[in-house]
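So you can see what is in the structure, the chains are spelled out below.
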Number of protein chains: 2
Amino acid sequence: MTRVTRSRRRDDDQPEVGRRDARKQRTRRALLDAALELIQGEQSFNSISLREVARNAGVVPTAFYRHFRDMDELGLALVDESLRALRQMMREARAATLPTSHLIRRSVRTYLRYVQDNERYFQFLAKERFGGGRTIRLSIRQGIQLFISELSTDLARWPFLTKYSTEELQMFSSMIVNLMVNITELLLDTPYGDEDEVDSLAELAEQQILLIFLGTGQWIPKSERRAREAQNAATPELKP
Amino acid sequence: MTRVTRSRRRDDDQPEVGRRDARKQRTRRALLDAALELIQGEQSFNSISLREVARNAGVVPTAFYRHFRDMDELGLALVDESLRALRQMMREARAATLPTSHLIRRSVRTYLRYVQDNERYFQFLAKERFGGGRTIRLSIRQGIQLFISELSTDLARWPFLTKYSTEELQMFSSMIVNLMVNITELLLDTPYGDEDEVDSLAELAEQQILLIFLGTGQWIPKSERRAREAQNAATPELKP
DNA sequence: AATTTAAGTCAACACCTGTACACAAAGATA
DNA sequence: TATCTTTGTGTACAGGTGTTGACTTAAATT
């Protein structure tokens with residue numbers, strides 16, 4: 001019972017462009033948008049129903065199944081979409097090369113602006129990072145881990161960080177990324193258009209990142225630590 | 001139509017101890033426990049139903065209303081319970097006074113141990129911090145802010161931090177607390193009993209906290225910054 | 001001992017949910 | 001043009017949901 005009649009679908013994964021597929025993509029988009037909109041108003045992704053999504057997309061419930069097997073699959077599609085958009089933005093942000101302090105300032109500002117412009121996606125990510133099902137949670141965390149790795153390789157190119165192992169650089173990066181995640185989540189709960197609040201959040205982020213860099217300046221690389229261990233305390237000590 | 005018949009309830013808020021109230025407290029507890037248990041298995045708080053909670057507590061749905069107006073009220077009770085327990089634990093942890101590095105190590109270890117022992121509460125907090133309704137979200141954030149303030153006043157007593165303003169100390173504290181929140185959320189997703197993973201998480205937390213303290217050692221206090229501004233750059237600069 | 005109070009039960013309601021199935025319409029294929 | 005394929009519709013069902021009101025039962029109060 002193998003399928004003999006082959007449709008015009010080609011073997012490569014290029015998007016279809018027929019009039020019918022255009023229509024399909026349009027309602028698929030409508031479903032995704034409906035879900036995002038409902039998440040903003042409602043509580044979380046798994047407290048909205050398939051019927052609600054369909055209704056909000058102007059489509060009958062059963063039509064939903066033409067696009068997604070169930071709500072989980074739609075959720076995964078949203079994760080993918082959100083992270084893909086974010087990654088592209090970060091790639092653009094890294095294009096510019098500037099002196100350190102300006103680079104921090106600029107990166108933070110453009111990132112926060114981006115979050116504001118794509119609020120719906122970040123609301124979704126923030127809520128599902130821990131609230132969602134296991135698969136969704138894991139794919140979000142995996143996405144964040146990817147950002148940490150990318151930032152890590154960027155840091156490796158900075159002159160005053162070359163002496164550190166990749167493991168150490170990963171730690172520095174993860175602190176910065178986590179810090180930004182935190183700021184993001186604060187930003188999402190500030191009423192839209194409150195530019196003063198956004199400014200102070202940006203300033204806070206800059207200061208926190210700066211503090212971390214100041215810390216790295218004093219951090220004793222793992223490679224050097226052994227030598228000092230012989231005559232000194234085990235862990236790098238604070239200067240009182 | 002003021003109520004004339006007064007029950008034996010006294011005006012102070014001491015807990016009642018009658019046989020009937022004992023019974024009431026018992027099923028109230030059963031409801032809270034049922035909710036916590038369901039949250040662990042299910043997705044999030046707002047995807048579990050009143051009937052489920054009642055059923056899981058061995059009680060008929062309508063009995064629920066004798067204890068909580070609706071699920072939101074139960075949610076708030078859970079927030080309160082979770083944070084109250086945590087605060088008490090932190091108070092105990094601060095009791096011991098030890099040299100700096102040992103104090104960090106000890107605090108981190110006992111905290112993580114506590115999280116493991118009260119996993120259900122922290123699961124709930126992590127999931128509802130962003131996934132829940134507005135009131136629950138806010139009361140959780142307010143609770144976290146309280147920890148930041150308490151840590152901040154503790155830091156103020158440390159000799160090498162006395163030169164900083166309360167605002168700056170708040171920033172340091174918030175970084176440490178947020179860092180620990182992050183570690184907590186990682187801990188919650190490690191399978192129970194994997195002590196090696198717990199150990200490496202503890203070590204990671206210690207290193208990150210240490211890095212922040214190293215940063216504070218290089219941080220130029222706001223009070224001194226003005227004097228340097230005259231002849232130097234605006235923000236404290238990195239030594240390359 | 002008589003009465004009041006309150007925790008828990010029972011049955012019922014109107015509503016919403018996910019999904020199955022048969023069908024209509026229109027684009028794609030032959 | 002005739003046939004096949006696919007997207008979306010309509011109907012229907014079994015089950016779960018929050019909330020109601022009138023009830024039992026036992027402890028607390030008088």
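As shown above, the structure is provided for reference.
Everything numeric in this text was worked out from a predicted model, so none of it was measured.

What counts and what doesn't
- Residues numbered from 1 in each chain as written.
- Chains lettered and ligands numbered in written order.
- Predicted model: local features only at pLDDT ≥ 70, side-chain atom pairs only at ≥ 80, totals over all residues.
- Heavy atoms only, no water.
- Least-squares fit on C-alpha atoms with pLDDT ≥ 70 in both.
- Contact = heavy atoms within 4.5 Å.
- Helix = DSSP H or I, 4+ residues; strand = E, 2+ residues; numbered from the N terminus.
- Expected span 1.5 Å × (residues − 1).
- Patch = residues over 30% accessible without salt bridge, like charges linked within 9 Å, V, L, I, M, F, W, Y side chains within 5 Å.
- Areas by Shrake-Rupley, 256 points an atom, 1.4 Å probe, with all protein chains shown as cover.
- Salt bridge = Lys/Arg side-chain N within 4 Å of Asp/Glu carboxyl O.
- Lys, Arg positive; Asp, Glu negative; His and termini not counted.
- Charge placed at Lys NZ, Arg CZ, Asp CG, Glu CD.
- Buried < 20%, exposed > 50% of the residue type's maximum accessible area, 1.4 Å probe, protein only.
- Buried area = accessible area lost by both parts, 1.4 Å probe.
- Polar contact = N/O pair within 3.5 Å; in protein donor to acceptor, adjacent residues only side chain to side chain.
- Phe/Tyr/Trp six-rings, centres within 6.5 Å; stacked < 30°, edge-to-face > 60°.
- Lys NZ or Arg CZ within 6 Å of the ring centre and 35° of its normal.

Enquirer: Mind laying out the relation of the copies chain A and chain B, listing which residues take part and the relevant values?
Expert: In screw terms, the move from chain A to chain B is a rotation of 180 degrees and a rise of 0.0 Å along the axis, fitting with an RMSD of 0.1 Å. Look at the turn and shift together and you get a two-fold axis relating the two. Across chain A, the rotation axis passes nearest the C-alpha of G215(A), at a separation of 1.7 Å. A high fraction, 98%, of the interface residues of chain A reappear at the interface in chain B, so the copies pair face to face through one surface.

Enquirer: Hey, could you go over helix α4 (residues 100–117) of chain B for me, with residue numbers and the actual values?
Expert: Compared with the 26 Å implied by 1.5 Å per residue over 18 residues, the 26 Å span of α4(B) between its first and last C-alpha is a close match. Of the surrounding secondary structure, the elements contacted by the buried residues of α4(B) are α3 (71–95), α5 (119–131), α7 (166–188) and α8 (195–218) of chain B.

Enquirer: Summarise a negative patch on the surface; cite the residues concerned and give the values.
Expert: Residues and elements named next belong to chain A. Among the surface-exposed residues, D194, E195, D196 and E197 lie close enough to one another that they form a single negatively charged patch. For D194, the position within the fold is in the loop between α7 (166–188) and α8 (195–218). Using a relative accessible area of 31% as the deciding quantity, one classes D194 as partly exposed.

Enquirer: Give me the lowdown on the interface of chain A and chain B, citing residues and values where you can.
Expert: Contacts between chain A and chain B engage 46 residues on the former and 45 residues on the latter. With both chains or domains summed, chain A and chain B bury close to 4100 Å², and 63% of this area falls on carbon and sulfur atoms. Our enumeration of links across chain A and chain B arrives at four salt bridges. A salt bridge links D189(B) to R141(A); the shortest N-O distance between them is 2.9 Å. Taken together, chain A and chain B are joined by six residue pairs in polar contact (both at pLDDT 80 or more). For the side of chain A that touches chain B, the elements supplying multiple residues, two or more each, are α4 (100–117), α5 (119–131), α6 (134–156), α7 and α8 of chain A. Top element by residues in the side of chain A that touches chain B is α8(A). It accounts for 11 residues.

Enquirer: So what's going on with the pattern of salt bridges? Which residues, and what values?
Expert: Counted by the stated rule, this structure contains 26 salt bridges over all chains. Here R129(A) makes a salt bridge to E185(A), at a shortest N to O gap of 3.3 Å. In this pair, R129(A) is assigned in helix α5 and E185(A) in helix α7, connecting sequence segments 56 residues apart. Residue classification places R129(A) among the buried residues on the basis of a relative accessible area of 8%. Judged by relative accessible area, which is 4%, E185(A) ranks as buried. The salt bridge involving D33(B) is made with R120(B); its shortest N-O contact spans 3.4 Å.

Enquirer: Describe the side chain of S152(B), listing the residues and the values that go with them.
Expert: All names here are of chain B. Tracing the backbone through its elements, the reader meets S152 in helix α6 (residues 134–156). Assessed through its relative accessible area of 6%, S152 is described here as buried. Ignoring anything within four residues of it in the chain, the contact list for S152 reads T166, L169, Q170 and S173.

Enquirer: Could you give an account of the packing of aromatic side chains, naming the residues involved and the relevant values?
Expert: Scanning all chains against the criterion turns up 18 aromatic pairs over all chains. With 5.9 Å between their ring centres and 85 degrees between their planes, Y114(B) and F122(B) make a pair best called edge-to-face. Here Y114(B) and F122(B) have matching classes, each one buried. Between F172(B) and W219(B), the ring centres sit 6.3 Å apart and the planes meet at 90 degrees, which makes this aromatic pair edge-to-face. Linking F172(B) in helix α7 with W219(B) in the loop between α8 and α9 (222–229), this pair joins segments that are 47 residues apart in sequence. We classify W219(B) as buried; its relative accessible area is 3%. Among the aromatic residues, those joined into a ring-pair cluster are F64(A), Y65(A) and F68(A). The ring of Y121(A) has R120(A) lying over it, and the distance from NZ or CZ to the ring centre is 5.9 Å. Over the face of the ring belonging to F147(B) we find R87(B), whose NZ or CZ atom lies 5.7 Å from the ring centre.

Distances and angles like these do not, on their own, reveal function.
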